Amino acid sequence: MSLIKRNENWLPSVFDDMFKTDWLGGTTNVNNIGTRIPAVNIHESDENFIVEVAAPGKSKEDFKIELDNDVLTISAEDKIEKETSEKNGKYTRREFSYSTFKRAFSLPDTVDNSKISANYNNGVLEIALPKKEEAKVQAKRMIEIS
């Protein structure tokens, strides 16, 4: 089931949910007009999950990252205004654009929510989701028989 809130007149579609659901249970807003959906890579290691969001041209202040009931939500918005003016200073046309995106991921029980961190560098937002100690891969060991 999708985490996106539907309009009252929209009938849910199993196929729509299937194609909009991400690997960790996240959803995209692919049907919303005026939205751009950044590419997301998710990497798992023995220690953590790393979520990489491609968002060039933004600053770290543009992002909003929330954690609510084991759902990680990443969002950002852009507001761009351009003014065109005549020589006497009166503008005849004013152009603006607005874009937003929102991605939501259901986190597995193995993530230590208290240690989540984020970093934005060279157009990539990187969110580290450390695993709980008991969820990490344990080294192989021999057990003695008593």
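- For the protein chain, the name recorded in an unreviewed UniProt entry is HSP20-like chaperone, with Zunongwangia atlantica 22II14-10F7 as its organism.
- Regarding the protein chain, the UniProt comment filed under Sequence similarities (unreviewed entry) reads as follows: "Belongs to the small heat shock protein (HSP20) family."

## Quick look at the nonpolar core
Point 1. Phe63, Ile74, Leu125, Ile127 and Leu129 are the most contacted members of the largest nonpolar core, which totals 16 residues.
Point 2. For this core, the elements supplying multiple residues, two or more each, are β2 (48-54), β4 (71-85), β5 (91-106) and β7 (124-130).
Point 3. Contacts of Leu125, omitting those with residues within four sequence positions, involve Val51, Glu52, Val53, Phe63, Ile65, Ile74, Ala118, Asn119 and Tyr120.

## Quick word on the confidence of the model for the protein chain
Predicted coordinates in regions of low pLDDT should not be interpreted in detail.
Point 1. This prediction gives the protein chain a mean pLDDT of 75; 64% of its residues lie at or above 70.
Point 2. The model gives residues 1-19 a pLDDT under 50, and that stretch makes 17 contacts with residues more than four places away or in other chains.
Point 3. Here residues 29-33 is a poorly scored stretch, pLDDT under 50, and it has nine contacts once near neighbours within four places are set aside; other chains count.

## Considerations on the pattern of salt bridges
Point 1. Applying the stated criterion across every chain, the model contains three salt bridges.
Point 2. Lys64 is the salt-bridge partner of Glu66, the closest N and O atoms lying 3.8 Å from each other.
Point 3. Ionic pairing is found between Lys115 and Asp112, a salt bridge with its closest N-O pair at 3.9 Å.
Point 4. Residue Asp112 is classed as buried on the basis of its relative accessible area of 17%.

## Topic: the sheet that holds β7
Point 1. Ordered by their spatial adjacency, four strands build an open sheet running β1-β2-β7-β6, and the pairing between neighbours is antiparallel. Bordering the open sheet on either side are β1 (40-44) and β6 (117-121), each of which pairs with just one other strand. For this sheet, the mean angle separating the axes of adjacent strands, direction not counted, is 15 degrees.
Point 2. As paired elements, β2 and β7 share seven bridges and run antiparallel to each other. In the sheet register, Ala54 faces β7, and the bridge partner there is Val124.

Criteria and cut-off values
Residues numbered from 1 in each chain as written. Predicted model: local features only at pLDDT ≥ 70, side-chain atom pairs only at ≥ 80, totals over all residues. Heavy atoms only, no water. UniProt positions renumbered as here; feature names shortened; annotations may be inferred. Core = buried A, V, L, I, M, F, W, Y, C linked by side-chain atoms within 4.5 Å. Buried < 20%, exposed > 50% of the residue type's maximum accessible area, 1.4 Å probe, protein only. Helix = DSSP H or I, 4+ residues; strand = E, 2+ residues; numbered from the N terminus. Contact = heavy atoms within 4.5 Å. pLDDT = per-residue confidence, 0-100. Salt bridge = Lys/Arg side-chain N within 4 Å of Asp/Glu carboxyl O. Pairing = 2+ DSSP bridges. Axes fitted to C-alpha atoms, helices over the stretch in contact; angles between N-to-C directions.

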